[in-house]
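# Descriptive structure summary
In case you want the letters, here they are:
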Amino acid sequence: MYKTLIIGNGIAGVSCARWLRKNTDDEIQMVSQESEYFFSRTALMYVYMGHMRWQDLEPYERSFWAKNKIDLLQGKVLSIDYELKIAYLENEKTLAFDRLVLALGSKSNKFGWPGEDLEGVSGFYSKQDLEYIEQKSNNIKRAVIVGGGLIGIELAEMFHSRKIPVTILVRESEYWSSVLPPEEAAMISKHIRKNEIDLRLNCQLQSILGDQGQVNAIVTDQQEHIPCEFVGITAGVRPNIDLVKGSQLSTDKGILVDEYLQTNIPNVYAIGDCAQLTNVSKGRKAIEAIWYSGRQMGETLAANLSGNTKSYNPGIWFNSAKFFDIEYQVYGYVPSKIVAPFDSIYWEDPAGEKSIRLVYDLSNHQISGFNLMGVRFRHEVCEKWISQNSSIQEVLAKIRMAFFDPEFYPDYSSGILDAYFQKTGKKIIPKSSGKLNAVLNFLKS
Ligand SMILES: Cc1cc2nc3c(=O)[nH]c(=O)nc-3n(C[C@H](O)[C@H](O)[C@H](O)COP(=O)(O)OP(=O)(O)OC[C@H]3O[C@@H](n4cnc5c(N)ncnc54)[C@H](O)[C@@H]3O)c2cc1C
């Protein structure tokens, strides 16, 4: 029986702990500085907006951990002795281990802007960030958010829900255009403005100004002076590896791990946002700071620690998010710039708040990805089409199967079929009604 110490109780650490408990009788201890209990980081915004209480963010009853013999401790680990196998905490507490799992997560990027350490300047990542933003909110007449991504837009929506005017500075020419293809990025920019957010494109932060230690304005690279009482820094995240930097553990941007999530030190592993894979699967990235990857890494590592050796195989890329009222889903390969040998079919509804994009390889007509705004597709159906290399024609003929709950939602299939016709001059005859039975049969086949 091993004693496994997990540092970090986010989705990666918790998934590892839960699966390790299912598979073994190991002693499991999980320590985290942010909170004693696991919570859903992706739902932090809903607490601020009053849609959820803090306890609603905790997916497990608090009794779950003791019942499952997972020992929880809140505290900051300051250093690790890998030879003696001891972690040292800030209150002089020590934790011994046989095996160590580093699940340290991310931290908000900062770029050394003048004034970035003033009162009223914060990232939005942790429970403490949320508490800080809450505490400042009564005195904010305008908030400026720096950086356009998934976290920036959440912060904008949070302030908007409290009628706090928001300016967002985005370096690119459309919102999140480093990830979204041009039409979708333009759609989101428009939608943000429709929600009364002052979105500044092609605009960068130059400096943050303050008075008596408190932020009172920012200056853009166009020398515009924007008065504000809060600056949200949401220019991406990076692996939070402060704890292990400068030690004998190999790091680059993140903690380097092989496909078994093993670091260069025996019995020391890294998972989730802080891990950087040295052997990257096709179409995936070495560091993926997303929920689903953390969960899968946690499960994979637990299998390895239980003796069922398994390499980390993230499979087909999937992500989902929300830009105010527009839901976003992506399956498979959808680059921001679609160039040969890839091409795409794109449909957008006349109101400009829904779209479907199918990306395919022109050389063999195989589907490679789906990008959806305001329309929900069935995850399993899209995955199956991509994994079995279905042709774009085959996918389009059965596209109704992809629509989530077509019996209750409008059917947009004619729009995307028409877009294909406009592009290629070829008509596709629909071959499936999209009824649930047909979908289930397809998934079983
Ligand atoms: C506002 C927001 C919205 C998001 N929305 C989405 C989304 O819609 N979809 C999506 O896929 N992803 C989303 N993400 C990203 C996703 O939440 C993260 O990828 C995921 O939570 C990372 O999980 P993790 O277990 O790797 O790390 P974390 O959840 O960051 O957990 C790491 C923990 O380790 C602790 N820790 C670090 N160092 C130490 C130390 N020295 N001692 C003790 N404890 C330590 C940290 O305090 C932290 O609690 C969002 C993130 C944020 C911030």
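Keep in mind that this is a model prediction, so the values were computed, not measured.

## Structural notes on the nonpolar core
In terms of nonpolar packing, the biggest core is built from 49 residues, with Ile7, Ile80, Leu100, Leu102, Val244, Ile255 and Ile271 touching the most fellow members. In terms of residue count, the dominant contributor to this core is helix α1 (residues 11-23) (six residues). Those residues in contact with Ile80 that lie beyond four places of it in its chain are Ile7, Ile86, Ala87, Phe97, Leu100, Leu102, Leu243 and Val244. Membership of the second largest hydrophobic core comes to 43 residues, among which are Ile140, Ala143, Ile153 and Ile197.

## Notes on the pairing of strand β25 (residues 367-373)
Regular strands have side chains that alternate between both faces of the sheet. Within β25, seven of the seven residues are buried, leaving the element largely enclosed by the surrounding structure. The pairing of strand β22 (residues 326-332) with β25 spans five bridges and is antiparallel. Following the sheet pairing, Gln329 is matched in β25 by Leu372. In the sheet, strand β24 (residues 355-361) pairs with β25 via six bridges, with the strands oriented antiparallel. Bridged to Arg357 within β25 is Asn371. If you look at the hairpin formed by β24 and β25, you'll find five residues sitting between the two strands, and His365 has a positive phi there, around 65 degrees.

## Observations regarding α1
Helix length check: α1, at 13 residues, gives a terminal C-alpha distance of 18 Å against a target of 18 Å (1.5 Å per residue), a fit within 8%. Among the residues making up α1, those that are buried are Ile11, Ala12, Gly13, Val14, Ser15, Cys16, Ala17, Leu20 and Arg21. For α1, the elements touching its buried residues are β1 (3-7), β2 (27-32), α3 (63-67), β3 (70-74), β7 (99-102) and α7 (291-305).

## Topic: the packing of aromatic side chains
Counted under the stated rule, the structure contains 21 aromatic pairs. Geometrically, the ring pair formed by Phe370 and Trp385 is stacked, given 6.0 Å between the ring centres and 25 degrees between the ring planes. Here Phe370, found in strand β25, pairs with Trp385, found in helix α8 (residues 379-387); they are 15 residues apart in sequence, far enough to count as distant. Trp385 matches Phe370 in its accessibility class, with the two residues each being buried. We note Lys22 situated over the ring of Trp19; from NZ or CZ to the ring centre the distance is 4.4 Å. Across from the ring centre of Phe421, 4.5 Å away, lies the NZ or CZ of Lys427, which sits over that ring.

## Here we look at empty space enclosed by the protein
A complete count under the given rule lists one cavity of 30 Å³ or more for this structure. Looking at the largest cavity, the residues that line it are Leu277, Val280, Ser281, Arg284, Lys285, Ala286, Ile287, Glu288, Ser293, Met297, Tyr312 and Pro314. When the residues that make up the lining of the largest cavity are grouped by side-chain class, the tally is seven nonpolar, two polar and three charged.

## A word on the pairing of strand β14 (residues 214-220)
Among the seven residues of β14, five are classified as buried, and the element is accordingly described as predominantly covered. Pairing geometry for strand β13 (residues 205-211) and β14, over six bridges, is antiparallel. Looking across to β14, one finds that Gly210 is bridged to Val215. The loop that links β13 with its antiparallel partner β14 comprises two residues; one of these, Gln212, has a positive phi angle of about 50 degrees. The antiparallel hairpin formed by β14 and strand β15 (residues 225-227) contains four residues in its connecting segment, where Gln223 sits at a positive phi of about 65 degrees.

Procedures and definitions
- Residues numbered from 1 in each chain as written.
- Predicted model: local features only at pLDDT ≥ 70, side-chain atom pairs only at ≥ 80, totals over all residues.
- Heavy atoms only, no water.
- Core = buried A, V, L, I, M, F, W, Y, C linked by side-chain atoms within 4.5 Å.
- Buried < 20%, exposed > 50% of the residue type's maximum accessible area, 1.4 Å probe, protein only.
- Helix = DSSP H or I, 4+ residues; strand = E, 2+ residues; numbered from the N terminus.
- Contact = heavy atoms within 4.5 Å.
- Pairing = 2+ DSSP bridges.
- Expected span 1.5 Å × (residues − 1).
- Phe/Tyr/Trp six-rings, centres within 6.5 Å; stacked < 30°, edge-to-face > 60°.
- Lys NZ or Arg CZ within 6 Å of the ring centre and 35° of its normal.
- 1 Å grid on protein atoms, 1.4 Å probe; cavity = no way out; pocket = protein on both sides within 12 Å on 5 of 7 lines; lining within 4 Å.
- Points joined across faces, edges and corners; volume = space filled by probe spheres on them.
- Nonpolar A, V, L, I, M, F, W, Y, C, P; charged D, E, K, R; others polar.

Function-wise, these values are silent; they only describe arrangement.
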